[in-house]
Amino acid sequence: MTRVNQNFTKLPGGYLFPEISRRVRAFSAEGPPMPLIRLGIGDVTLPLAPAVIRAMHRATEEMARQETFRGYCEETCGAYDFLRFAIRDSYLARGTRVADDEIFVSDGTKSDCGNIGDIFSSDDVAAVCDPTYPVYVDVSAMAGRAGEYDGERWTGLVYLPCTVENGFFPDLPEGKAPDLIYLCSPNNPTGTAATREQLKTWVDYANAHGSVILYDGAYEAFITRPDIPHSIYEVEGARTCAIEFRSFSKAAGFTGTRCAYTVVPKDLVREGISLNALWDRRQRTKFNGVSYVVQRAAEAALSPEGQEQVGAAIGRYLDNAKRLREGLLAAGLAAYGGVDAPYIWCRAPEGAGSWEFFERLLRRACVVTTPGAGFGPGGEGYVRLSAFGDAEEVRQAVARIRRAL
Ligand SMILES: *Cc1c(COP(=O)(O)O)cnc(C)c1O
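Remember, predicted model here, so these are calculated numbers, not experimental data.

Thoughts on the overall build of the protein
(1) Moving on: If you tally the helices and strands in the protein, you get 12 helices and 15 strands.
(2) Moving on: Taken against the 2.2 N^0.38 rule, which gives 22 Å for 405 residues, the C-alpha radius of gyration of the protein at 21 Å falls within 12% of a compact globule.
(3) Moving on: Principal axes of the C-alpha set define a box for the protein whose edges measure 60 × 55 × 55 Å.
(4) Moving on: By the burial criterion, 53% of the 405 residues in the protein qualify as buried.
(5) Moving on: For the protein, contacts bridging at least 24 residues in sequence account for 74% of all contacts bridging at least 6.
(6) Moving on: Roughly 17,800 Å² of accessible area belongs to the protein as shown, and the carbon and sulfur atoms make up 51% of that amount.

Focus on the nonpolar core
(1) Moving on: I213, I232, F248, F254 and C259 are the most contacted members of the largest nonpolar core, which has 55 residues in total.
(2) Moving on: For this core, the element with the most residues is helix 9 (residues 292-302), which contributes six residues.
(3) Moving on: Of the residues that make up this core, three or more belong to each of domain 1 (13-42 + 305-404) and domain 2 (52-302).
(4) Moving on: Aside from chain neighbours lying at most four places away, what touches I213 is I181, L183, W202, V203, A206, I232, C241, A242 and I243.
(5) Moving on: In terms of nonpolar packing, the next biggest core, distinct from the first, is built from 28 residues, I116, I119, W154 and I243 among them.

Description of the sheet that holds strand 4 (residues 158-161)
(1) Moving on: Read across the sheet, seven strands follow the order 2-8-7-6-5-3-4 without closing on themselves; strand pairing throughout is mixed. Looking at the sheet topology across the chains shown, the edges are occupied by strand 2 (103-106) and strand 4. Ignoring strand direction, the axes of neighbouring strands in this sheet form an average angle of 20°.
(2) Moving on: Note that strand 2 and strand 8 (residues 260-263) share four bridges and pair antiparallel. Bridging from a neighbouring strand, V105 pairs with Y261 of strand 8.
(3) Moving on: Lying on the sheet, helix 3 (residues 81-92) is in contact with strand 2, strand 7 (242-247) and strand 8; it crosses strand 2 at an angle near 120°.
(4) Moving on: On the sheet, helix 5 (residues 135-142) packs against strand 3 (126-130), strand 5 (180-184) and strand 6 (212-216) and is oriented at approximately 155° with respect to strand 5.

Re the site of the ligand
(1) Moving on: In the vicinity of the ligand there are 14 residues, among which D216, Y219, S247, S249 and K250 approach most closely.
(2) Moving on: At 2.6 Å from an oxygen atom of the ligand is found a side-chain nitrogen or oxygen belonging to Y219.
(3) Moving on: About the coverage of the ligand: the protein hides 93% of its 390 Å² of free accessible area.
(4) Moving on: Because more than half of its atoms lie within 2 Å of the grid, the ligand is assigned to the largest pocket.
(5) Moving on: Mapped by element, the contributors of at least two residues to the shell around the ligand are helix 4 (109-115) and helix 7 (248-252).

Topic: the packing of helix 10 (residues 304-330) against helix 12 (residues 391-404)
(1) Moving on: Across the interface, helix 10 lies against helix 12 with an axial gap of 9 Å and an inter-helix angle of 10°. Here helix 10 is positioned roughly parallel relative to helix 12, judged by the angle of their axes. On the side of helix 10, the interface is formed by N320, R323, L324, G327, L328 and A330, while helix 12 contributes A391, V394, R395, V398, I401 and R402.
(2) Moving on: Looking at the contact of helix 10 with helix 12 residue by residue, the classes come out as seven nonpolar, two polar and three charged.

Comments concerning the side chain of D112
(1) Moving on: Considering the arrangement of structural elements, one finds D112 in helix 4.
(2) Moving on: Put simply, D112 is tucked away with no salt bridge, and the nearest opposite charge, on R282, sits 6.5 Å away.
(3) Moving on: Of note is the side chain of D112, whose polar atom sits 2.9 Å from the side chain of S106.
(4) Moving on: Non-local contacts of D112, meaning those with residues more than four positions away in its chain, are made with S106, F245, Y261, T262, W279 and Q283.

A word on the state of the cysteines
(1) Moving on: Tallying each qualifying case throughout the model produces zero disulfides.
(2) Moving on: The thiol of C129 is unpaired, and the distance to the nearest cysteine sulfur, on C162, comes to 3.9 Å.
(3) Moving on: Under the relative-accessibility criterion, C129 is labelled buried at 6%.

Let's talk about the environment of F120
(1) Moving on: If you trace the backbone, F120 turns up in the loop between helix 4 and strand 3.
(2) Moving on: With 77 residues separating them along the chain, F120 and E197 place their C-alpha atoms 28 Å apart.
(3) Moving on: Setting aside its immediate chain neighbours within four residues, F120 contacts R145, L180, V212, L214, I243 and L275.

Some words on the layout of surface pockets
(1) Moving on: Its boundaries defined by the atoms lining it, the largest pocket holds a volume of some 1,300 Å³.
(2) Moving on: Around the largest pocket, the lining comprises 46 residues; the ones closest to its centre are F17, Y133, P134, V135 and G374.
(3) Moving on: In terms of residues, the lining of the largest pocket owes the most to one element, helix 5, which gives six residues.
(4) Moving on: Split by residue class, the lining of the largest pocket holds 24 nonpolar, 14 polar and eight charged.
(5) Moving on: Built from parts of two domains, the lining of the largest pocket gets at least three residues from each of domain 1 (13-42 + 305-404) and domain 2 (52-302).
(6) Moving on: Its volume calculated, the second largest pocket comes out at about 450 Å³.
(7) Moving on: Forming the boundary of the second largest pocket are 26 residues, of which R94, E220, A221, L302 and Q307 lie nearest the centre.
(8) Moving on: Elements with a contribution of two residues or more to the lining of the second largest pocket: helix 3, strand 7, helix 7, helix 9 and helix 10.
(9) Moving on: Of the residues forming the lining of the second largest pocket, the biggest block, five residues, is contributed by helix 10.
(10) Moving on: Residues that form the lining of the second largest pocket fall into these classes: 15 nonpolar, seven polar and four charged.

Quick notes on the rules
- Residues numbered from 1 in each chain as written.
- Predicted model: local features only at pLDDT ≥ 70, side-chain atom pairs only at ≥ 80, totals over all residues.
- Heavy atoms only, no water.
- Helix = DSSP H or I, 4+ residues; strand = E, 2+ residues; numbered from the N terminus.
- Rg over C-alpha atoms; globule rule 2.2 N^0.38 Å.
- Buried < 20%, exposed > 50% of the residue type's maximum accessible area, 1.4 Å probe, protein only.
- Contact = heavy atoms within 4.5 Å.
- Areas by Shrake-Rupley, 256 points an atom, 1.4 Å probe, with all protein chains shown as cover.
- Core = buried A, V, L, I, M, F, W, Y, C linked by side-chain atoms within 4.5 Å.
- Domains from an automatic or database assignment.
- Pairing = 2+ DSSP bridges.
- Axes fitted to C-alpha atoms, helices over the stretch in contact; angles between N-to-C directions.
- Near = heavy atom within 4 Å.
- Polar contact = N/O pair within 3.5 Å; in protein donor to acceptor, adjacent residues only side chain to side chain.
- 1 Å grid on protein atoms, 1.4 Å probe; cavity = no way out; pocket = protein on both sides within 12 Å on 5 of 7 lines; lining within 4 Å.
- Sits in = over half its atoms within 2 Å of the grid points.
- Parallel < 35°, antiparallel > 145°, perpendicular 65-115°, else oblique.
- Nonpolar A, V, L, I, M, F, W, Y, C, P; charged D, E, K, R; others polar.
- Lys, Arg positive; Asp, Glu negative; His and termini not counted.
- Salt bridge = Lys/Arg side-chain N within 4 Å of Asp/Glu carboxyl O.
- Disulfide = S-S within 2.5 Å.
- Points joined across faces, edges and corners; volume = space filled by probe spheres on them.

What follows is the structure, encoded as structure tokens:
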């Protein structure tokens, strides 16, 4: 008889977003006094940039003609040179040298963050920030790398607390070093970004212990402060200990279009084996690349015209973030993030719990947020507000929250 991967049965049922939807539906059915403003979602709202759309139309026309039709991409791991070179040049523009055969194009950072586990031993111990983007936890559990779930934590994971005291960036753990270290900067959910010094601490630690940092830079394009590194490879020593994930999802509104890339440096070797070679082998076997039309779209997003247009969209989201952050602070709340990221991490007042504050904002302000507890036990006592909404709605949400407190 077939046996299933029992690791899946240990996962707590995807609780957070269904529970939010259930509560929002129940409240809507009661007839709320004002239209709801949704600041819970982590999805973009603005349409694709005109340069991207033009490139997609052009590529679609090429697919329609015999002479220019494309089938499987024969180039490196399903990625066309034109896109890998454009990505390489975008790194170079910030002074970071990444070889084009260190860049692997994919359909998403979510999939890459999960799939990367294939090249590591199932005995490797993983560390995650607390709170964290939940994907790192669940993929570790599916791979049998998380132990058992005790109702709050996984027994096999190392939790790295991110608190107001450490500026929401984890301190080095005590005891045996974890083998895989998931870091995300700018961070979802806390909206904060790591400094060069903070990253350097972890790079030195990973090199000293032979650990690998899995660095999620999905929000890199939102960095505004000049001293915040855009890539972990801006930190000396990172090429021998870090894999970097980046996505066009939030950077260029590609959440529905799907394109991302992962950098695995050739200097990254464990047990005498090149991780670049392992990932290359893995991708060649299990992945046939991103569609030609989408790769042309991604190339266009990196062009000067595309960068100007996607930069304008990011600017609008960041204006929302600033308005949210300043509005919450002016209302006397403790609010963090929102400078280099589209998220605000807001402390519930008077020691209220995540869900309690969520309910209060829902019922008194008709504003939907995300309870921090959904991002791990360390998120208890916070809610996350997303800046991907409409500017006028964000303005109204701030005014309503101030009245509701
Ligand atoms: C949105 C997001 C991603 C993007 O994933 P894609 O699969 O590329 O859409 C990756 N990491 C984090 C932390 C995110 O919030």
